[in-house]
Amino acid sequence: MTMTASQKQYLRKLKNRQRRILAIRVLILVLFLLLWETAVRQSWIDGFIFSSPSRAAKTFLQMWSDGSLLLHTCTTLAETLASFALVVLLGIGCAVLLWYNTTLSEVLEPYLVVLNSLPKSALAPLLIVWLGANLKSIIVSGISVAIFGTILNLYTGFREMDPDKIRLIYTLQGTRKDVLSKVILPGTLPLVISNMKVNIGLCLVGVVIGEFIGARQGLGYLIIYSSQVFKLDILILSILILCGIAMMLYGVLGLLEKRVTRGS
């Protein structure tokens, strides 16, 4: 299909706007780093406490050369992806189960609300006691932050699907399984992707909380260790890497969301 001149002009304006937004984002980041570096060099703030971009970069090169930074980063990333995958599977599975069984959903919904509002950092010490200071407790900590909200959001989305489409399936002699496979799941796919974008960050938070308490590897462990021995350059670097991981994972899911939107 051939595009008209006005359509091409609109797409050109859209691309130019996206480039401007990206340029502004990069500019804000560069200005922040320059201001931070200048503040330390001019002794406006204490470089020992606040570190600086140049000191963080120097620490990055040192830790990258000995392999320790890659080890801690990959550990946190792997734990986050594992907990995220389980949140997606368990969240969709439990939401489907609640949608199938109305009585079960009415019984469990208030408990899910309470568990979702519970501060998950309060659960981390219990998980360490119950499961031990190991990989399992860290992944469960990551799951606990996101799972209850995921179930509630997806279940609410399932219930709010277009009733006319559901009625049409039943009119055509379809079953509840047909409603699920042909209306509910396809119709709520954008909602699932949107929840995934939120959950990837929540899983990262939960994993770091678990690493604070019961880990010997990972960026959370590195933050706690560096704060205890006052190596604040390592602490700041670890936080910056966590920000980078969060941005990367959110960006990947954003691209997935665009593909799904275009496909639908």
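Let us look at the structure shown here. (Residues numbered from 1 in each chain as written. Predicted model: local features only at pLDDT ≥ 70, side-chain atom pairs only at ≥ 80, totals over all residues. Heavy atoms only, no water.)

**Considerations on the packing of aromatic side chains**
Tallying each qualifying case throughout the model produces four aromatic pairs. Here phenylalanine 60 and tryptophan 64 contribute two aromatic rings whose centre-to-centre distance is 5.8 Å and whose plane-to-plane angle is 20 degrees, an arrangement assigned as stacked. Remark: tryptophan 64 and phenylalanine 60 occur in helix α3 (residues 53-65); sequence separation between them is four residues, near one turn of the helix. Using a relative accessible area of 32% as the deciding quantity, one classes phenylalanine 60 as partly exposed. Using a relative accessible area of 47% as the deciding quantity, one classes tryptophan 64 as partly exposed. The ring of tryptophan 99 is capped by arginine 176, whose NZ or CZ atom sits 4.0 Å from the centre of that ring. Sitting above the plane of the tyrosine 100 ring, arginine 176 keeps its charged end 5.9 Å from the centroid. (Phe/Tyr/Trp six-rings, centres within 6.5 Å; stacked < 30°, edge-to-face > 60°. Helix = DSSP H or I, 4+ residues; strand = E, 2+ residues; numbered from the N terminus. Buried < 20%, exposed > 50% of the residue type's maximum accessible area, 1.4 Å probe, protein only. Lys NZ or Arg CZ within 6 Å of the ring centre and 35° of its normal.)

**Focus on the nonpolar core**
With 50 residues, the main nonpolar core has Phe84, Trp99, Ile184 and Met196 as its most contacted residues. Ranked by residue count, the leading element in this core is helix α12 (residues 232-263), at eleven residues. With residues near it in sequence (within four places) discarded, tryptophan 99 still touches Tyr155, Phe158, Arg176, Val179, Leu180 and Ile184. (Core = buried A, V, L, I, M, F, W, Y, C linked by side-chain atoms within 4.5 Å. Contact = heavy atoms within 4.5 Å.)

**Points about empty space enclosed by the protein**
Gaps between atoms show up when a probe of the same size as a water molecule is rolled over them. Summed over the entire model, instances satisfying the criterion amount to one cavity of 30 Å³ or more. The volume enclosed by the largest cavity comes to roughly 40 Å³. Lining of the largest cavity is provided by Val88, Ile92, Thr150, Leu154, Val192, Asn195, Met196 and Asn199. Elements that contribute at least two residues to the lining of the largest cavity include exactly α4 (68-100), α7 (135-159) and α10 (189-214). Element by element, the count of residues in the lining of the largest cavity is highest for α10, at four residues. Of the residues that constitute the lining of the largest cavity, the class distribution is five nonpolar, three polar and no charged. (1 Å grid on protein atoms, 1.4 Å probe; cavity = no way out; pocket = protein on both sides within 12 Å on 5 of 7 lines; lining within 4 Å. Points joined across faces, edges and corners; volume = space filled by probe spheres on them. Nonpolar A, V, L, I, M, F, W, Y, C, P; charged D, E, K, R; others polar.)

**A short note on a nonpolar patch on the surface**
Where nonpolar side chains cluster on the molecular surface, the patch consists of Leu22, Val26, Leu27, Val30, Leu31 and Leu34 and spans about 540 Å² of accessible area. Assessed through its relative accessible area of 44%, valine 26 is described here as partly exposed. (Patch = residues over 30% accessible without salt bridge, like charges linked within 9 Å, V, L, I, M, F, W, Y side chains within 5 Å. Areas by Shrake-Rupley, 256 points an atom, 1.4 Å probe, with all protein chains shown as cover. Salt bridge = Lys/Arg side-chain N within 4 Å of Asp/Glu carboxyl O.)

**As for unusual backbone geometry**
Positive phi, close to 65 degrees, is recorded for serine 43, a residue that is not glycine. Looking at the element boundaries, serine 43 is found in the loop between α1 (5-41) and α2 (47-50). The class for serine 43 is exposed, based on a relative accessible area of 60%.

**Overview of the pattern of salt bridges**
Pairing is possible between side chains of opposite charge, provided their charged atoms come close. Under the definition given, this model contains four salt bridges. In this structure, aspartate 233 engages arginine 55 in a salt bridge whose closest nitrogen and oxygen atoms are separated by 3.4 Å. With aspartate 233 in helix α12 and arginine 55 in helix α3, the pair connects residues that are 178 residues apart, well separated along the chain. For glutamate 257, the salt bridge is made with lysine 197, and the minimal N-O distance between the two is 2.7 Å. One end of the pair, glutamate 257, is in helix α12; the other, lysine 197, is in helix α10, with 60 residues separating them in the sequence. What makes glutamate 257 partly exposed here is its relative accessible area of 24%. Judged by its relative accessible area of 16%, lysine 197 falls in the buried class.

**A word on a positive patch on the surface**
Residues Arg25, Lys258, Arg259 and Arg262 make up a contiguous surface patch of positive charge. By the secondary structure assignment, arginine 25 is in helix α1. (Lys, Arg positive; Asp, Glu negative; His and termini not counted. Charge placed at Lys NZ, Arg CZ, Asp CG, Glu CD.)

**Some details on the layout of surface pockets**
Estimated volume of the largest pocket: approximately 330 Å³. In this structure, the largest pocket is lined by Arg17, Gln18, Arg19, Ile21, Leu22, Arg25, Lys197, Tyr250, Gly251, Gly254, Leu255 and Lys258. Where the lining of the largest pocket is concerned, the elements lending two or more residues are α1 and α12. Counting residues per element, the lining of the largest pocket draws most heavily on α1, at six residues.

**Examining the environment of leucine 27**
With respect to the element layout, leucine 27 can be found in helix α1. Residue leucine 27 is classed as partly exposed on the basis of its relative accessible area, which comes to 48%. Put simply, leucine 27 and cysteine 94 are 67 residues apart on the chain and 44 Å apart in space, counted from C-alpha to C-alpha.

Shape descriptors only; they carry no functional weight alone.
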